[in-house]
Amino acid sequence: MDAFEDVVASFLRNRGYWVESCFKVKLEKAEKVAIGRACSPRWELDLLAYRARENELLVIECKSFLDSTGVSVSSFGENLKPDRYKLFNEPKLREVVFSRLAKQLEERGAILPNPQMQLCLAAGRIKSKRDREALHVMFSDRGWRLFDEAWLHEEMLALSKESYQNSVTSVVAKLLLRARDV
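Structure report, in brief. (Residues numbered from 1 in each chain as written. Predicted model: local features only at pLDDT ≥ 70, side-chain atom pairs only at ≥ 80, totals over all residues. Heavy atoms only, no water.)

## Thoughts on the side chain of glutamine 118
One can find glutamine 118 in strand β4 (residues 116–123). From its side chain, glutamine 118 meets the backbone oxygen of glycine 143 in a polar contact 3.2 Å long. Only 2.8 Å separates the side chain of glutamine 118 from the side chain of arginine 145, close enough to count as a polar contact. With sequence-adjacent residues up to four places away left out, glutamine 118 is seen in contact with Glu56, Leu57, Leu58, Val59, Phe98, Gly143, Trp144 and Arg145. (Helix = DSSP H or I, 4+ residues; strand = E, 2+ residues; numbered from the N terminus. Polar contact = N/O pair within 3.5 Å; in protein donor to acceptor, adjacent residues only side chain to side chain. Contact = heavy atoms within 4.5 Å.)

What follows is the structure in structure tokens.
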């Protein structure tokens with residue numbers, strides 16, 4: 001797991017989700033053919049976050065982009081040649097991967113049947129205010145969730161106020177955000 005994924009996972013755990021990183025979805029041969037990737041290895045998902053109370057399963061793509069231009073709205077759209085955002089840009093791929101994921105997790109006894117699944121993007125940096133606003137509208141319209149810089153900041157603040165946890169994210173949150181009160 002990379003550092004940004006670990007931070008996002010810590011925030012979700014703090015909100016009552018169990019989180020698994022680098023989850024491999026074992027697509028069957030017919031499913032690989034259906035998505036046009038007959039020789040594809042297992043499909044890897046950055047983070048899964050599940051909360052049994054709501055039977056809610058979040059599938060989260062993590063992009064820190066902290067020292068880059070950031071996520072741009074122009075990277076999303078069904079007519080684009082997908083590069084980084086395949087699950088967002090390829091509806092058939094998303095349908096096949098989500099279906100197999102639910103079956104795989106149900107067979108393991110890890111989730112309840114018929115979970116409410118939601119595709120999410122955690123972005124450490126978004127290119128511009130215009131991109132952020134457009135992404136929020138697009139994601140809302142498509143039933144997706146965007147965890148942007150404001151969400152990251154809110155979650156960091158919430159974690160800084162929790163009781164001590166022996167995790168790097170918790171300790172850093174306390175050091176950075178409590179220092180403001182000194």
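## A closer look at the sheet that holds strand β1 (residues 18–25)
Here 5 strands make up an open sheet; going across it, the order is β1-β2-β3-β4-β5 and the pairing mixed. Of all strands in the sheet, those with a lone pairing partner are β1 and β5 (145–147), marking the two edges. Between one strand axis and the next, the sheet turns through 30 degrees on average, direction left out of account. With 8 bridges joining them, strand β3 (residues 56–63) and β4 adopt parallel strand pairing. Looking across to β4, one finds that glutamate 61 is bridged to leucine 121. Packed on one face of the sheet, helix α1 (residues 3–14) meets β1, β2 (43–51), β3, β4 and β5 and runs near 150 degrees to β3. (Pairing = 2+ DSSP bridges. Axes fitted to C-alpha atoms, helices over the stretch in contact; angles between N-to-C directions.)

## Some words on a nonpolar patch on the surface
On the surface, Val168, Val172 and Leu176 cluster together into a nonpolar patch covering about 280 Å² of accessible area. Mapped onto the elements, valine 172 comes out in helix α7 (residues 168–178). Valine 172 sits in the partly exposed class, given a relative accessible area of 34%. (Patch = residues over 30% accessible without salt bridge, like charges linked within 9 Å, V, L, I, M, F, W, Y side chains within 5 Å. Areas by Shrake-Rupley, 256 points an atom, 1.4 Å probe, with all protein chains shown as cover. Salt bridge = Lys/Arg side-chain N within 4 Å of Asp/Glu carboxyl O. Buried < 20%, exposed > 50% of the residue type's maximum accessible area, 1.4 Å probe, protein only.)

## Describing helix α6 (residues 149–161)
With 13 residues, α6 should reach 18 Å at 1.5 Å per residue; the first-to-last C-alpha distance of 19 Å fits that figure. Of the residues making up α6, those classed as buried are Trp151, Leu152, Glu155, Met156, Ala158, Leu159 and Ser160. N-capping of α6 is provided by aspartate 148, with a side-chain oxygen placed 3.2 Å from the backbone N of alanine 150. (Expected span 1.5 Å × (residues − 1).)

## A closer look at the packing of aromatic side chains
The geometry of an aromatic ring pair is captured by the separation of the ring centres together with the interplanar angle, meaning the angle of the planes. Taken as a whole and assessed by the stated rule, the structure comprises 10 aromatic pairs. Taken together, the ring pairs in this structure connect Phe76, Tyr85, Phe88, Phe139 and Trp144 into an aromatic cluster. (Phe/Tyr/Trp six-rings, centres within 6.5 Å; stacked < 30°, edge-to-face > 60°.)

## Side note on the pairing of β3
Burial runs high along β3: 8 of the 8 residues are buried. Where burial is concerned, the two faces of β3 agree: the one with Glu56, Leu58, Ile60 and Cys62 and the one with Leu57, Val59, Glu61 and Lys63 are both buried. Relative to β3, β2 runs antiparallel, the two being bridged by 5 bridges. Following the sheet pairing, alanine 49 is matched in β3 by leucine 58. Between β2 and β3, which pair antiparallel and follow one another directly, the connecting turn spans 4 residues, one of which, asparagine 55, has a positive phi of 50 degrees.

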